[in-house]
Amino acid sequence: YLESDKQKDAVLTIKKKAQRLLLPWLIWFAIYGVVNVAAGKSLIRTENGFLLGVLAGTRIHLWYLPFIFLCLIFYAQLKLVVNRKGVALAGWVLYCASMVSVSYWRPATVAMGYPLAQYAHALPAFFLAWYLSNLDASFKPLTLASLILAGLATTCAIPFVEVGIPYLVAMAGCLILIFGLLDKSFNPIVHHLSQLSFGIYLVHMLVLFIATKILSDLNVDVG
């Protein structure tokens, strides 16, 4: 596997991820921008600066797309230079460290404001995905031990409810999926729903805006 082949793969990965994530982000950035202007609001939020306002997007949920694009590009580069076990170990260490140290980074990043607070909140989930996607499930004792330790690390975040509770729920879900406790017949259903989730994520804020507008016009309390 030549170095030139690795470079070509890296360029192809960037192109594919950009088409998958950045192109929809640009399209919906424009759509929600038009909605903002039509509603008499500012195009983007600039209280934390223009660049962060652009990265945050024209609606609160759009911050995720450029964020996960950068994360996935970094992850793809990491896999070119680190073997699978090394990537899994790195993800596990980073996840556990982020949970144990939540009392340090959570208040600081919240003070930084939107979207940096969201970036920091989502990073541990990405580290966890590094670990789980490269997990060697064939060696079950070590796998179980590492998951238990990751779960214990997650409990350190419980005092920060907005971090600890979602991540504990996620850990429970991971255990169920990894050890095959779900009925296999549900797999096609889960796969189908996962294919719909991206579109729903992008459009749901527009649906909520229209519904809120209609209910407001009908004098229905939407508070």
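Below: a short report on this structure. (Residues numbered from 1 in each chain as written. Predicted model: local features only at pLDDT ≥ 70, side-chain atom pairs only at ≥ 80, totals over all residues. Heavy atoms only, no water.)

Attention shifts here to the side chain of T109. The residue T109 is located in helix 5 (residues 102–112) in this model. A polar contact is formed between the side chain of T109 and the backbone oxygen of W105, at a distance of 2.8 Å. Leaving out residues up to four positions away in the same chain, T109 has contacts with L116, A117 and A120. (Helix = DSSP H or I, 4+ residues; strand = E, 2+ residues; numbered from the N terminus. Polar contact = N/O pair within 3.5 Å; in protein donor to acceptor, adjacent residues only side chain to side chain. Contact = heavy atoms within 4.5 Å.)

So, on to unusual backbone geometry. P115 follows Y114 through a cis peptide bond whose omega is 5°. In this fold, P115 is placed in the loop between helix 5 and helix 6 (116–133).

A separate point is the pattern of salt bridges. Throughout the structure, instances matching the rule amount to two salt bridges. Residue E47 pairs with R45 through a salt bridge whose shortest N-O separation is 2.9 Å. Take R45: its relative accessible area is 41%, and that puts it in the partly exposed class. Between E162 and R106 there is a salt bridge, and its shortest N-O distance comes to 3.2 Å. Of the two residues, E162 sits in helix 8 (residues 161–178) while R106 sits in helix 5, which places them 56 residues apart along the sequence. (Salt bridge = Lys/Arg side-chain N within 4 Å of Asp/Glu carboxyl O. Buried < 20%, exposed > 50% of the residue type's maximum accessible area, 1.4 Å probe, protein only.)

Our focus in this paragraph is the packing of helix 4 (residues 84–100) against helix 6. Angle between the axes and distance between the axes: these two values describe a pair of packed helices. The geometry of helix 4 relative to helix 6 is characterised by a closest axis approach of 7 Å and an angle of 150° between their N-to-C directions. For the element pair helix 4 and helix 6, the recorded crossing hand is left-handed. The residues of helix 6 that touch helix 4, namely those facing R84, V87, A88, A90, G91, W92, L94, Y95, S98 and M99, are P124, F127, L128, W130, Y131 and S133. Broken down by class, the residue content of the contact of helix 4 with helix 6 amounts to 12 nonpolar, three polar and one charged. (Axes fitted to C-alpha atoms, helices over the stretch in contact; angles between N-to-C directions. Left-handed = near helix turned anticlockwise from the far one by under 90°. Nonpolar A, V, L, I, M, F, W, Y, C, P; charged D, E, K, R; others polar.)

Among the surface-exposed residues, L144, I148, L149 and L152 lie close enough to one another that they form a single nonpolar patch of about 360 Å² accessible area. Relative to the helices and strands, L152 resides in helix 7 (residues 140–155). (Patch = residues over 30% accessible without salt bridge, like charges linked within 9 Å, V, L, I, M, F, W, Y side chains within 5 Å. Areas by Shrake-Rupley, 256 points an atom, 1.4 Å probe, with all protein chains shown as cover.)

Read these as geometric descriptors, not functional statements.
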